[in-house]
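Spelled out from the first residue to the last, the chains are:
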Amino acid sequence: MARLDIDRLAKRYGDFYAVRDVSLQVADGEFLVLLGPSGCGKTTTLRIVAGFIEPTAGSVTIGDRDVTMLPPWKRNSGMVFQSYALFPHLTVAQNVAFGLEMRKLGKAEIGKRVAEALALVRLAGFDDRLPRQLSGGQQQRVALARALAIRPDVLLLDEPLSNLDAKLRQEVRVEIRELQQKLGLTTVMVTHDQEEALTMADRLVVMSEGSVRQIGSQRDLYERPADRFVADFVGRSTFFEGVVEAPGRFRTDGGLSLACDDGTPGRGALSVRPERVGIADTPWTGLDNSLPGTVEFVSYLGALIDIHVRLSPRDRLIVHVANREGGFTPEVGQPVHVGWPATAGRVFNE
Ligand code: ATP
């Protein structure tokens, strides 16, 4: 286990920067998730840390060692790939032993570590199976055991759950997180699945176009997004386009006058989280914003109901209500009133 430091990392392909000026510190035992849309540079960053890609600039330090120029096998980092990358002709035990043989450990030590790693991922007794005789979830756990067997200082996970079905993903997510906490492993995971990121991480890094947009806890990113990109990427929001007329007053391009929390006069967007909005069949009193509208779309999502309300020809608001016994669930075409406090709206100036 060790601390990981990434300092002003960049990777250029021709004129294009896949990663630019990325600096991060991951504390000993911390689980950090790199989150962002496809092509934002998260896999490139992880592969630079693993040693598979040489950076154009910047450095990677694991513990006290600058590993920037070292090959992958000299970094003592364990990597789990999206495709698992198991050797199909080797048994489970041989797959897990592979990295240990590369490191020229003794036979007895290898046997001990393989057994230990397979027990950790709850695959004891599967030693002699071939990968094709395992389910997707089991193959994923073999890949994890292989990474753990070398007792890595840093565990690197590259979208390790994306080949699993939705239900299994949820289970394996919890398994990996519990194991990581038990072993106190410094871990970096890449994903574009925000639910996965929110469930597993101690801290998250949101990236876009090769750069870091914000680093913080789940709560930081959700409640205090640094910019519109983060607000849009983490969780859902309605964005009203318009103008801040004065601090605390926003006029949408559709002509609505809305109370908001501060804001600098000028063009911008007002974002409102769907769960902060109330919906009823009578106007709201005691809320800074109360507006009439018409329901245009209702979707039943299980624990909550997703409702879209037309407020003006150019403004449509998303509302989420908890699926409760006796709760208010309007139908498409029904006139309603929506309301929210000024503090629930966040202004992003252009
Ligand atoms: P995804 O979620 O789709 O895997 P990502 O955030 O992991 O995306 P990267 O794989 O890091 O994205 O790629 C970042 C950018 O760098 C992309 O625009 C990609 O096309 C580009 N890129 C990656 N590898 C190369 C390469 N060898 N040559 C040129 N461009 C590359």
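The structure we're discussing is the one just above.
This one's a predicted model, so the numbers in the text were calculated from it and none came from an experiment.

Draft legend 1. Just the nonpolar core, in detail. Of all hydrophobic cores here, the largest spans 45 residues; its most connected members are Val96, Val114, Leu144, Leu157 and Ile176. Considering every element that reaches this core, the biggest residue donor is helix H4 (residues 136–149), with seven residues. Other than its neighbours up to four places away in sequence, Leu144 contacts Val80, Val121, Leu155, Leu157, Ile176 and Leu179. By size, the runner-up hydrophobic cluster in this structure holds 26 residues, among which are Ile6, Val22, Val60 and Val154.

Draft legend 2. Highlighting the site of the ligand. Taken together, 13 residues are adjacent to the ligand, and Ser38, Gly39, Lys42, Thr43 and Thr44 come closest. Of all the elements in the fold, those that place two or more residues in the shell around the ligand are strand S2 (16–26) and helix H1 (42–50). With three residues, the top contributor of residues to the shell around the ligand is H1. Residue classes in the shell around the ligand are distributed as five nonpolar, six polar and two charged.

Draft legend 3. Fine view of the packing of aromatic side chains. Under the defined criterion, the tally for this structure stands at four aromatic pairs. A ring pair is formed by Phe52 and Phe81, whose centres lie 5.9 Å apart and whose planes are at 50°; its orientation type is tilted. Of the two residues, Phe52 sits in the loop between H1 and strand S4 (57–62) while Phe81 sits in the loop between strand S6 (77–80) and helix H2 (92–102), which places them 29 residues apart along the sequence. The class of Phe52 is partly exposed, set by a relative accessible area of 43%. For the ring pair Phe87 and Phe98, a centre distance of 4.7 Å and an interplane angle of 55° mean the geometry is tilted. Taken together, the residues Phe87 in the loop between S6 and H2 and Phe98 in helix H2 connect sequence positions eleven residues apart. Looking at Phe87, the relative accessible area reads 27%, which means it is partly exposed. We note Arg228 situated over the ring of Phe239; from NZ or CZ to the ring centre the distance is 4.5 Å. A cation over a ring is seen here: Arg273 above Tyr222, with NZ or CZ 3.9 Å from the ring centre.

Calculation criteria
Residue positions are given per chain, counted from 1 along the sequence in the order it is written. Only residues with pLDDT of at least 70 are given local features in this predicted model, and only at 80 or more are side-chain atom pairs given and counted; all residues enter the totals for whole chains, interfaces and linings. Hydrogens and waters are ignored; side-chain quantities use all the structure's heavy atoms. To form a nonpolar core, buried Ala, Val, Leu, Ile, Met, Phe, Trp, Tyr and Cys residues must be joined to one another through side-chain atoms within 4.5 Å. In this scheme, a residue with accessible area under 20% of its type's maximum is buried, one over 50% is exposed, and one in between is partly exposed, where area comes from a 1.4 Å probe on protein chains only. In this description a helix means any DSSP run of H or I spanning at least four residues, a strand means any run of E spanning at least two, and both kinds are numbered starting from the N terminus. Contact criterion: two residues are considered in contact whenever any of their non-hydrogen atoms come within 4.5 Å of each other. Proximity is defined per residue: any heavy atom of the residue falling within 4 Å of a molecule or strand makes that residue near it. The nonpolar class holds Ala, Val, Leu, Ile, Met, Phe, Trp, Tyr, Cys and Pro. Asp, Glu, Lys and Arg form the charged class, and all remaining residues, Gly among them, are polar. Only rings of Phe, Tyr and Trp enter the pairing, Trp through its six-membered ring, and a pair is recorded when the two centres are within 6.5 Å. The plane angle decides the type: under 30 degrees is stacked, over 60 is edge-to-face, the rest tilted. Criterion for a charge above a ring: Lys NZ or Arg CZ within 6 Å of the ring centre, and within 35 degrees of the ring normal.

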